[in-house]
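Results of the structural survey
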Amino acid sequence: NYFGPEAFRTVLLALGYLPNLKSLNISSNNSDKFCSAAVQDFITNSPSLEELDISNNELSGGSFGRELANGLQVACNIVCLNVSGCGLVDIEPLFQMDSQCKFYTTMRRLDISHNPINSQLFCNTVDGFISVSTVL
């Protein structure tokens, strides 16, 4: 597919009105960094969503990690999330959500491959998450 940014946002907005939607693959649609807020809104408004593939969409822009985490924290039944090749630089927000967030108990498959994740920040984040998790 080649939706482009405007169509990508429009499709997510429209699909957010399908309360029983369980799976969405909207990969490789030439989105842009301004689409990350639409992803957050879509996840927030999709309580039945279990699988989401938004891979190979350029969603970077500094706030994608935060907006993704915000959506997952509000309403998350997602068991499979593919954000491979989305330009994700900052993964820290995914590991800083409220410890009661369902993301930590429902997620079964998370693909963050092919992203320019800051390796030092990633190591620090994972180390912090592991030490906090063992205390919980």
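Residues numbered from 1 in each chain as written. Predicted model: local features only at pLDDT ≥ 70, side-chain atom pairs only at ≥ 80, totals over all residues. Heavy atoms only, no water.

Once that is clear, we can look at the overall build of the protein chain. Looking only at helices and strands, the protein chain has 5 helices and 4 strands in total. Going residue by residue from the N terminus, the α and β elements of the protein chain occur as α-β-α-β-α-β-α-β-α. With 136 residues in all, the protein chain has 43% of them scored as buried. Sequence separation of 24 or more characterises 82% of the internal contacts of the protein chain that already satisfy a separation of 6 or more. Put simply, the protein chain shows about 7100 Å² of open surface, and 53% of that area lies on carbon and sulfur atoms. (Helix = DSSP H or I, 4+ residues; strand = E, 2+ residues; numbered from the N terminus. Buried < 20%, exposed > 50% of the residue type's maximum accessible area, 1.4 Å probe, protein only. Contact = heavy atoms within 4.5 Å. Areas by Shrake-Rupley, 256 points an atom, 1.4 Å probe, with all protein chains shown as cover.)

Structurally, Ser-55 can be placed in the loop between strand S2 (51-53) and helix H3 (64-74). Among the residues examined, Ser-55 registers a relative accessible area of 6% and is labelled buried. Once you skip the residues sitting within four places of it in the chain, Ser-55 turns out to touch Ser-27, Ser-28, Asn-82, Val-83, Ser-84 and Cys-86.

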